[in-house]
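Here is how the chains run, residue by residue.
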4 protein chains.
Amino acid sequence: MSKAPTTSIATHNAEDVFVRDKSLCHELIGKVSFAQMTYFQVIGKMPEPGQAAVLDACLVTLMEHGLTPSVLATRLVYSSAPEAMQSAVAAGILAVGSVFVGTVEGCASLLAQMLAAQGGLEAEARRIALDHKADRRAIPGFGHPVHKPDDPRSARVFEVAEENGVSGRHIAALRVLAREVDAAYGKHITINATGAVAAALGDCGVPVEIMRGFAILARCAGLVGHVLEEQSKPTLEAIWQSAERAVPYDGKVQ
Amino acid sequence: MSKAPTTSIATHNAEDVFVRDKSLCHELIGKVSFAQMTYFQVIGKMPEPGQAAVLDACLVTLMEHGLTPSVLATRLVYSSAPEAMQSAVAAGILAVGSVFVGTVEGCASLLAQMLAAQGGLEAEARRIALDHKADRRAIPGFGHPVHKPDDPRSARVFEVAEENGVSGRHIAALRVLAREVDAAYGKHITINATGAVAAALGDCGVPVEIMRGFAILARCAGLVGHVLEEQSKPTLEAIWQSAERAVPYDGKVQ
Amino acid sequence: MSKAPTTSIATHNAEDVFVRDKSLCHELIGKVSFAQMTYFQVIGKMPEPGQAAVLDACLVTLMEHGLTPSVLATRLVYSSAPEAMQSAVAAGILAVGSVFVGTVEGCASLLAQMLAAQGGLEAEARRIALDHKADRRAIPGFGHPVHKPDDPRSARVFEVAEENGVSGRHIAALRVLAREVDAAYGKHITINATGAVAAALGDCGVPVEIMRGFAILARCAGLVGHVLEEQSKPTLEAIWQSAERAVPYDGKVQ
Amino acid sequence: MSKAPTTSIATHNAEDVFVRDKSLCHELIGKVSFAQMTYFQVIGKMPEPGQAAVLDACLVTLMEHGLTPSVLATRLVYSSAPEAMQSAVAAGILAVGSVFVGTVEGCASLLAQMLAAQGGLEAEARRIALDHKADRRAIPGFGHPVHKPDDPRSARVFEVAEENGVSGRHIAALRVLAREVDAAYGKHITINATGAVAAALGDCGVPVEIMRGFAILARCAGLVGHVLEEQSKPTLEAIWQSAERAVPYDGKVQ
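All of the points below concern the structure found in this document. Predicted, not measured: the structure shown is a model, and the values here were computed from it.

Calculation rules
- Residues numbered from 1 in each chain as written.
- Chains lettered and ligands numbered in written order.
- Predicted model: local features only at pLDDT ≥ 70, side-chain atom pairs only at ≥ 80, totals over all residues.
- Heavy atoms only, no water.
- Helix = DSSP H or I, 4+ residues; strand = E, 2+ residues; numbered from the N terminus.
- Buried < 20%, exposed > 50% of the residue type's maximum accessible area, 1.4 Å probe, protein only.
- Contact = heavy atoms within 4.5 Å.
- Buried area = accessible area lost by both parts, 1.4 Å probe.
- Salt bridge = Lys/Arg side-chain N within 4 Å of Asp/Glu carboxyl O.
- Polar contact = N/O pair within 3.5 Å; in protein donor to acceptor, adjacent residues only side chain to side chain.
- Nonpolar A, V, L, I, M, F, W, Y, C, P; charged D, E, K, R; others polar.
- Disulfide = S-S within 2.5 Å.
- Least-squares fit on C-alpha atoms with pLDDT ≥ 70 in both.
- Pairing = 2+ DSSP bridges.
- 1 Å grid on protein atoms, 1.4 Å probe; cavity = no way out; pocket = protein on both sides within 12 Å on 5 of 7 lines; lining within 4 Å.
- Points joined across faces, edges and corners; volume = space filled by probe spheres on them.
- Axes fitted to C-alpha atoms, helices over the stretch in contact; angles between N-to-C directions.
- Parallel < 35°, antiparallel > 145°, perpendicular 65-115°, else oblique.
- Expected span 1.5 Å × (residues − 1).
- Phe/Tyr/Trp six-rings, centres within 6.5 Å; stacked < 30°, edge-to-face > 60°.
- Lys NZ or Arg CZ within 6 Å of the ring centre and 35° of its normal.

Moving on: the overall build of chain A. Helix and strand content of chain A: 12 helices and three strands. Across its three principal axes, chain A shows a C-alpha extent of roughly 65 × 55 × 45 Å. Evaluated residue by residue, chain A yields a buried proportion of 64% over its 254 residues. Once local pairs closer than 6 in sequence are excluded, the contacts in chain A between residues at least 24 apart make up 70%.

Time to look at the interface of chain B and chain A. Size of an interface, as often reported, equals the accessible area lost when the parts are brought together. At the interface, 80 residues of chain B touch 80 residues of chain A. Interface of chain B and chain A: buried area, both sides summed, is about 6,800 Å²; carbon and sulfur atoms make up 73% of it. The tally of links from chain B across to chain A stands at zero salt bridges. Our count for the chain B to chain A interface comes out at 25 residue pairs in polar contact (both at pLDDT 80 or more). With 17 residues, helix H11 (residues 208-232) of chain B is the largest single contributor of residues to the side of chain B that touches chain A. In terms of residue class, the side of chain B that touches chain A is made up of 41 nonpolar, 22 polar and 17 charged.

Quick look at the interface of chain B and chain C now. Of the residues lining the interface, 29 residues belong to chain B; the matching set on chain C comes to 29 residues. For the pair chain B and chain C, the summed buried surface comes to about 2,200 Å²; carbon and sulfur atoms form 47% of the total. On the chain B side of the contact with chain C, B:Asp21, B:Tyr249 and B:Gln254 bury the most area, a combined 25% of that side's loss. Where chain B packs against chain C, one counts zero salt bridges. The interface formed by chain B and chain C includes 13 residue pairs in polar contact (both at pLDDT 80 or more). The set of elements that each furnish at least two residues to the side of chain B that touches chain C consists of strand S1 (10-13), helix H5 (85-93) and helix H12 (236-246) of chain B. Of the residues forming the side of chain B that touches chain C, the biggest block, three residues, is contributed by S1(B). When the residues that make up the side of chain B that touches chain C are grouped by side-chain class, the tally is 12 nonpolar, 10 polar and seven charged.

Attention now goes to the state of the cysteines. Scanning all chains against the criterion turns up zero disulfides over all chains. No disulfide involves B:Cys204; its nearest neighbouring cysteine sulfur is the one of B:Cys58, lying 6.1 Å away. For B:Cys204, a relative accessible area of 1% puts it in the buried group. Free cysteine C:Cys220: the closest other cysteine sulfur is in D:Cys220, separated by 3.9 Å. With a relative accessible area of 0%, C:Cys220 lands in the buried category.

Placing chain B over chain C gives an RMSD of 0.0 Å and needs a rotation angle of 180°, together with 0.0 Å of translation along the axis. Here the two chains are linked by the operation of a two-fold rotation axis. When the interface residues of chain B are mapped onto chain C, 100% of them again fall at the interface, so both copies present the same face.

The next point concerns the pattern of salt bridges. On inspection of all chains with the given rule, the structure shows 52 salt bridges over all chains. With a shortest N-O distance of 2.6 Å, A:Arg75 and A:Glu229 are connected by a salt bridge. Of the two residues, A:Arg75 is situated in helix H4 (residues 69-80) and A:Glu229 in helix H11 (residues 208-232); the sequence distance between them amounts to 154 residues. Where B:Asp151 meets B:Arg153, a salt bridge forms, and the shortest distance between an N and an O atom there is 2.8 Å.

On the basis of which strands lie adjacent, the open sheet formed by three strands has the order S1-S2-S3 (chain A) and antiparallel pairing. Two strands in the sheet have a free side with no partner beyond their single neighbour: strand S1 (10-13) and strand S3 (22-23) of chain A.

Bringing the sheet that holds strand S2 (residues 16-19) of chain B into the picture now. Residues and elements named next belong to chain B. Across the sheet, which stays open at both edges, the three strands sit in the order S1-S2-S3 with antiparallel pairing between neighbours. If you trace the sheet from one side to the other, it starts and ends with S1 and strand S3 (22-23), each paired once. When S2 meets S3, the two strands line up antiparallel, connected through two bridges. In the sheet register, Val-19 faces S3, and the bridge partner there is Lys-22.

Time to look at the relation of the copies chain B and chain A. Here the two chain copies are tied together by a rotation about an axis and a shift along that axis. For the pair chain B and chain A, the relating rotation is 180°, the translation along its axis is 0.0 Å, and the fit reaches an RMSD of 0.0 Å. A share of 100% of interface residues in chain B that are also interface residues in chain A marks the association as one of identical surfaces.

Residue and element names in this part refer to chain C. Along the chain, the position of Glu-124 falls in helix H7 (residues 121-134). Look at Glu-124 and you get buried, because its relative accessible area is 13%. With sequence-adjacent residues up to four places away left out, Glu-124 is seen in contact with Gln-113, Met-114 and Ala-117.

With that settled, the discussion passes to empty space enclosed by the protein. All names here are of chain B. Taken as a whole, this structure holds one cavity of 30 Å³ or more when the rule is applied. For the largest cavity, the calculated volume is near 30 Å³. Lining the largest cavity, in full, are Met-63, Glu-64, His-65, Gly-66, Thr-68, Val-71, Arg-219, Gly-222, Leu-223 and His-226. Here the lining of the largest cavity takes four residues from H11, the largest share from any one element. For the lining of the largest cavity, the per-class residue count stands at three nonpolar, five polar and two charged.

Residues and elements named next belong to chain D. Put simply, helix H2 (residues 34-43) and helix H3 (residues 49-62) touch, their axes get as near as 9 Å, and they point 105° apart. By the angle class used here, H2 and H3 are roughly perpendicular. In this structure, H2 uses Ala-35, Gln-36 and Tyr-39 to contact H3, whose residues at the interface are Gln-51, Ala-52, Leu-55, Asp-56 and Leu-59. Each residue belonging to the contact of H2 with H3 can be placed in one class, and the counts come to five nonpolar, two polar and one charged.

Below, the discussion takes up helix H3 (residues 49-62) of chain B. Residue and element names in this part refer to chain B. In a regular helix each residue adds 1.5 Å, so 14 residues correspond to 20 Å; H3 covers 20 Å between its end C-alpha atoms and thus fits that length. Burial analysis of H3 places 12 of its 14 residues in the buried class, the great majority of the element. Looking at H3, one finds that the buried residues are Gly-50, Gln-51, Ala-52, Val-54, Leu-55, Asp-56, Ala-57, Cys-58, Leu-59, Val-60, Thr-61 and Leu-62.

This next bit is on the pairing of strand S1 (residues 10-13) of chain C. Pairing geometry for S1(C) and strand S2 (residues 16-19) of chain C, over four bridges, is antiparallel. Across the sheet, the residue bridging to C:Thr11 is C:Phe18, located in S2(C).

Moving on, we get to the side chain of B:Ser242. Position of B:Ser242 relative to the elements: it lies in helix H12. A distance of 3.5 Å separates polar atoms of two side chains, one belonging to B:Ser242 and the other to D:Ser242. Apart from the residues within four sequence positions on either side, B:Ser242 is in contact with D:Ser242, D:Ala243 and D:Ala246.

Before going further, it helps to examine the packing of aromatic side chains. Taken as a whole, this structure holds six aromatic pairs over all chains when the rule is applied. Taken together, a centroid distance of 5.6 Å and an interplanar angle of 5° make the contact between C:Phe34 and D:Phe34 stacked. Remark: D:Phe34 occurs in helix H2 and C:Phe34 occurs in helix H2 (residues 34-43); the pair is interchain, linking two chains. On the basis of relative accessibility, which here comes to 0%, the residue D:Phe34 falls in the buried class. Directly above the aromatic system of B:Phe158 lies the positively charged group of B:Arg175, at a separation of 4.7 Å from the ring centroid.

Looking now at unusual backbone geometry. The omega torsion across A:Lys148 and A:Pro149 is -5°, close enough to zero to call that bond cis. Checked against the element boundaries, A:Pro149 lands in the loop between helix H7 (121-134) and helix H8 (152-163). Despite not being glycine, D:Arg20 has its phi angle at roughly 45°, a positive value. With respect to the helices and strands, D:Arg20 occurs in the loop between strand S2 (16-19) and strand S3 (22-23).

In short, geometric facts, not functional conclusions.
Written out as C-alpha cells, the structure is:
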C-alpha cells in the first residue's frame, strides 16, 4: 500500500473547485449534464456526446421498476426513521447487490472474460453458458421472471447505442453469449436490462470494476421518489402486515 | 394511515415498464436525460427544458468537493469491505445529513417560511437572521470555511437559473435573506452552494420535503468516483494513521 | 470545536489493549459479561451488579419482536446482497429510529424533563400528557397495538429492577406520568417496553443522549438471528410478492 | 425457493412474546444474560454455562480497539448527521467486512475445511498455509501489525475456553494451522484475536455461516460508546483535516 497516497479527483481554493483539473464554476456548472459530469468525475475524461446519450439511457433504464426489494427497504426505513431520509436511501442502496441490479457487474465480468479469451470469443461464450448450466447457476444479465420472452428494455438500450454510434464489441459479445446461452439451455432466455446495460456501458468505456456504481446511482434516484411518495402515502403498515401474514411463525424448535 | 395504500410511481407487464403512466421503453429511454427522468419520477411531471437545465446545474454543483466526511466514510468502508461497493456508497450517503449538504433542506425551509409569512418576506427574513444570531445557530445555506468572501458556485447557479428563465421567487427570497443576514451580523456572510441550490431547486418546483433527496443523489454520483479511485489508490491506511495521530488517547478516567 | 480533540476510550500497545485504562486481557476478557463491558465502555465506569442485571434484562427485552420493519429491511437486503451480511444488519439498524424502538430516547427525554421541572414532577407530567393529547402526538413509551391493556414486558422489567435494587426515580417518574396519561386520555394506555426500558436504564445511570444506542445494540443481536434464518428459509420472495399485492399501482397522474 | 416460508424465531400475542417457543416475559427477561439470549435467539438452543462464558469473552474481546476504520466511519457520520445516531452505528457496521473483524468468518471457514478434510487435518493445514503463501494472500485469523510477536487477546481467549471446558476441536485445529503457518513462512506469525474468536466460537457451536454476525454485534456495542464520546468531544474536524493533509490532490489527468 502506498505510503503517501494522493487523489486525482478534486481540490478547491477560495475562488473555485477543481474536478479533475477543470474549473467547476467556469467549465462544468451549466455546461455539462449530470450524466456527463458523473462520467467525467468517475472515469476521468469527458464522454463523447454519443457516450453521454447512452449513459443517460442506461441510467433511465435502471432507475425504476416498482416495489422492488430496495424500494421496500427504503420505505420501511423511511417510515421508521423519518428524521433522516438519507438513511432510507442508504438502506435501499444496500440492496443493490449481487442478486438484483448489481448483476450488471457479473455480466460485465463475463463480457470482459470473453473479450480477453485466448481461444476466441465464441468458444469462451459456449464454455460460460455450459458451465453455468452444469452448475445450475443463473447467468448474470440473463433471464427475467416478468419480461418474457424478451426484456423490452434491452432492445431499447441496444437501439439507443446503435443510434449513437456507441454499439461496439461489448454489445456484440453479449449477442454471441446470448446465442450460446439459448443453445446450451435449448430454449430462449432473454437478455435482461442489467445485461444490456452492462454491455452498453462497456462500449461507453466504463470499466467492470465500477459498473455496479452506475446501477447504484440509477437506483438512488428512484429511491428518492419513493421517499417522497412514502411521506404522503405511507406503505409501512401494509408491507409489515402483509409480510407477517406471508411468513407465519411455525413454532419449530431445533 | 390509509388501510389500502397505493403507489402512483410505476408498474410493469411483460412488454413494458410504466413510470407515472409513461412507457419506459417508448417514451423515456433514449428520449429524456437522467436528470429529466429523475425530476419526472420524483415530482410526477416532466420538467420544462429550463428546469431540467437548472436541475443538471444543481446536481453538478453538489457532486464533488474533495475529501469530505461522506467521501472519507465511503473510502474507509470500501477498503474494509470491498466485497460490497454498495455498502461504501451507502456509508457516504449516511453522512449527507443536517450538517453538510443536507442543509439544502434547512435553507429551503427558511425560504418556504419567508414566502408564506403573513407579515411579509422582508420582516420574516429579518426575524430569521436575528433569531439565528441570538441563538448562535448557523443559518442553513450561509457561510463557508473556504469559499470566502463568496462561494463561487452560488453565483454560477444563479446565473444558470437566470439564463434559463427559472430564476424566480425563491432566489429572490434568498437574496433578501442574504441582505438581512449581512445586516444582522454586521458583516458579509456568503450564500453557500447548498443555499443557492435550495433556492434554484425551489424555483424549479422541487418541494422542501424532498430537497435533501437531490443532494443525496448528487453526492451518490461523486461517491462512486471515489470508490473507483480507492481501488487503485487506497487511502484507508493514510486516513486511519493520520486520524490516530490527530486524536490521541488521553487516558482520562471518569 | 476543540482544536486538539482526544479520546478516553481505548489505546493499545504490542502487549495489550486498554479500555478506559483497564487491561483488556487481564481485567476484562473472561471477567466481565458482554453487557457489563458495554456499560463500562460506553458510560466509563463498571456497572454495579444490580445495574448489570437490569441492563441484561433491558437488552433481552428489546432484542426480538418478530418480523418488525427492521427485520424486514435486514432480510430484504440480505437476500439481495448475501455477499455482505453486515449490510443487512446495518439496514435493519437504520430502522431503529424515532418511530420504533428508538422511542426509548423520546421517553427518556420526557422523564429527564419531569425530573428537572421547577414546578414539580406531577405538574410537569400533567402538562406533558395534556400537551401530547392536544397535539394528537403519540407519547413516546406509551401505547402498543398488540400488547393491550398492558405490555407484559414492562411489568417484568420493573420487577427485575425492583429485585435488583435499581428501581429509582426514573421508574417512579414513569409511573407518575402513566397516571397522568390515563387521566388526560380518560382511558388506560399501557407503558410499553421502550417506556419501561427508558426508565430502567435511566435508573441504571444511562444518559438520555445515548439511550437509543442500547436499543440499537439489542436489535442488532436480533437481526443477526434473522440473517441466519434467511439463509436457510429465504423470505424475500414472499415479502416482495405480498408487498406488491398490498400496495397496488393506481395509475394516478398528478 | 419455498412458496410458503415460515419463521421459527418469534411470535407474540397480547400477553407475551415467544422467542423460539420460550416465554420472553416468564422464561427469559431477568433470567438470561444478553449473551445467552443472543446465542439462544440465533442458534436456537440455550448455551451451556461454559459456552455462555466463552461467548461473553469473545464479544468482550472484539468490542473495542480504538480508532479503527469502523469507528472513524461512525464518528464522521455522527457529526455529519446527529439527527440519527442509528445511521452512525450502521455506517461503522458496514466496515465490519472481509478485511477487518469480519475475518472471523474467513478463519472459521478454514477451520471447517480442515475438520472436514478427507486427507486429515494436518495435511489440509499444510496445504492451506502453502497455498496462501504461494498466492501472497493473508491468512484470515493470522498476523497483526501491532500485536507482535503474539496477540495477547488470543492467549486469553484460549485460556477462558480452557477454564470453561469449551476448548475443543476448533481451537485444536487452529493450533495445528498455526504450526503449519509458521513452518510455511519460516517465521512466527501470531494468531490474532479474530482467529482465536473464530475457533472459540466454533467450539461453542456457532456455525461458520453466522460467525461474522457475532463480530458485528461486538463492534456495534463499541460503536455506541464512540457515538457518546463524539457528542462531547467531536473529532470530525480533526479527522477531516488530517485526512486532507494525508491524501493531497495530485492534479493528474488521465
